[in-house]
Amino acid sequence: MEREDYTARMKAMLTDETTYEKIKRDPTSTFQARNNNLVRRLQNLDLIDRSTATQLITYKAVCPRIYGQPKPHKPNMPLRPVVPCMTAPTYHLSKFIGNIIQSSITSKYNIKDSFEFCAFINNVQIPEGHIMVSFDVVSLFTCIPKELVRRSIFKNWVNITQNTTICLDLFWEAVELCIDCSYFVFEGEYYKQVFGTAMGNPLSPVIADLVMEDILNDAVENTGFPIPYIKKYVDDLFLVLPPSKIDEVREIFNQQHTSIKFTVETETDGRLPFLDMMLIRKEDHTVVTEWYAKPVASGRILNYYSCHPMHTKMNVAVNFAKRVFQLSTNLESSAINSIIHDRLKQNDYPKQITSRIITRINRRVTPNTAMEVSVEDTGEKCFRSLTNIDGLTEQITKTIRKEYPNIHIAHKQAKTVGSILPMVKDRISQGEKSNVVYRIDCADCDACYIGMTTTKLKSTLSGHRSNVRKLQKLREEGHTNRDGAIAEIREKTALVNHAAAMEHSFKLDEVVIVDKTHKSTNLQFLESCHIYNTEKTVNKRSDTENLHATYAGILHTFKNAQNRTKTNHTNRPNTNRP
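Model, not experiment: these values are computed from the prediction.

Cut-offs used in this document
- Residues numbered from 1 in each chain as written.
- Predicted model: local features only at pLDDT ≥ 70, side-chain atom pairs only at ≥ 80, totals over all residues.
- Heavy atoms only, no water.
- Pairing = 2+ DSSP bridges.
- Helix = DSSP H or I, 4+ residues; strand = E, 2+ residues; numbered from the N terminus.
- Axes fitted to C-alpha atoms, helices over the stretch in contact; angles between N-to-C directions.
- Contact = heavy atoms within 4.5 Å.
- Parallel < 35°, antiparallel > 145°, perpendicular 65-115°, else oblique.
- Left-handed = near helix turned anticlockwise from the far one by under 90°.
- Nonpolar A, V, L, I, M, F, W, Y, C, P; charged D, E, K, R; others polar.
- UniProt positions renumbered as here; feature names shortened; annotations may be inferred.

All right, on to the sheet that holds strand β12 (residues 287–291) then. Where strands meet in a sheet, backbone hydrogen bonds hold them as pairs that are either parallel or antiparallel. Taken together, the three strands give an open sheet; going across it, the order is β10-β11-β12, and neighbouring strands pair in antiparallel fashion. The open sheet has two edge strands, β10 (271–274) and β12, and neither has a second partner. Taken pair by pair, the neighbouring strands of this sheet meet at an average axis angle of 25°, ignoring direction. Strands β11 (277–281) and β12 of the sheet are contacted by helix α11 (residues 310–327), whose axis makes an angle of about 160° with β12.

In structure tokens, the structure reads:
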């Protein structure tokens, strides 16, 4: 899809005034204040502890950025609006409230995944005169009205109170705040979602499940006749109905609320696709299944020649093979093997590896990979990630697993799809970013200052500017470096100390972000690495004291390699000269 077409579709979608409303300014500060005030009230009433309150309060929220996710399996490939809410003011509150509600839902219809449904449906016999039917909600998240959520919360409050001490009024206030905090920016313009909930809000799937459960219960009660089998996976329903009752049941479901509309798909020649299976009704009315991929599926899995650890590629291939094997109860082993072989061949897996995977799957033996180590579970598991460096990371992982069997290492790639493809979301301005390591160059010499901040960068820069202004004011009043007032300011940061000692100024308007992380606990280590690896910093020697000698040696080697590359590049003859 071309960017112009994508932008036009997004803007057309956002003109729907029944769902979205354009607002004049960024409401982040308002929602952040409401979130923090509510959390403090909950803490003051002893409804949450201090540790929970600390997790729910935020001071570095950033307006979420919306993007459209194409639906290639639908006509004209419409866009699904997604609003990643990780930076929203109520993100942690939404997760907290969502976990309480999720723990309170008891459903006789829900299925956890395809494997659970496969085990269920393969033991089903369709009654005479009935067929298999699937119902699907049209755009569930954006169609759930607040009054339906409120009704479901009140209706299920007896169950919810088993998992929280928060009173109903305050609990609903928190839910309502999380729903109202559905706003975003697109192309520099701010919007608020006035109807439904945002896909990307961690509370959305939970309240969608709660609302769907109530709708399903009410609809079944109003049908007036028994429905032999009903199962639900989010907004996908599987039902067994008489053909003459399908339209009637669909109408009953659609009458539950004007905004919730269901589409219907019936079996054709005894076959019905549902989830990633093809359900097949046999002549004796029993049901068998086959693994199924939509016609628009690309067939791609993790390619064998991709730059990922071998055990990761093997696990992807094995899990795919196990999925085909376990979901295909209607196929002979040869047909299953053919599907697995063709799909792995399409992704460049060698024939020998494919054959080994198929042999183990057919024997129903859980496959081992070269990286798996059998250890006794002696305590709580701890999960950590390491950037994948071919050869090195796998050796480090082996050593860690041997010495610390409860630590589980995941390998992550330095170069991701997001770093290669052009960004479709609005970029976050540099000043709004947090958990970053930054560099500020001196305007009067070739020195620089390396710093870190867990808060927004613009707040930290504001502090530097304030210190510099105080220093300048003291200078204008006739104070010297020997005076206590200036000595006190010089102790604040290495930046202002250099400015005072050398009477230099810094380029505070030209700050450069040199590193970032999602974990604030990693910042001090990253800052130490950059201070160690940067020449002529004004930082204090104590800033790198906590850097382990092993890392210092690696960084020293890395710095020498960088310098050699820079020297070779500088000394390289210019072939473009005439």
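Anyway, onward from the coordinates.
Before going further, it helps to spend a moment on the environment of lysine 192. Examined against the element boundaries, lysine 192 turns out to sit in strand β6 (residues 189–193). Taking C-alpha positions, lysine 192 is 9.8 Å from leucine 14, a pair spaced 178 residues apart along the chain.

Before going further, it helps to examine the packing of helix α5 (residues 114–121) against α11. Interaxial distance between α5 and α11 falls to 10 Å at its minimum, and their mutual angle equals 20°. As the angle between them shows, α5 and α11 are arranged roughly parallel. Crossing hand, α5 versus α11: left-handed. Between α5, through Ser114, Phe115 and Cys118, and α11, the contact on the second element is made entirely by Arg323, Gln326 and Leu327. Tallied by class, residues from the contact of α5 with α11 come to three nonpolar, two polar and one charged.

The residues that UniProt annotates with the feature "domain: Reverse transcriptase" (unreviewed entry) are residues 1–296. As annotated, residues 1–296 comprises 39% helix and 19% strand, and the C-alpha atoms at either end are separated by 15 Å.

Let's shift gears to the sheet that holds strand β5 (residues 183–186). Within the open sheet, the three strands sit side by side as β1-β6-β5. Their pairing is antiparallel. Only two strands of the sheet have a single partner each, and these edge strands are β1 (20–23) and β5. For this sheet, the mean angle separating the axes of adjacent strands, direction not counted, is 35°. In this sheet, β6 lies alongside β5 in antiparallel orientation, the contact comprising four bridges.

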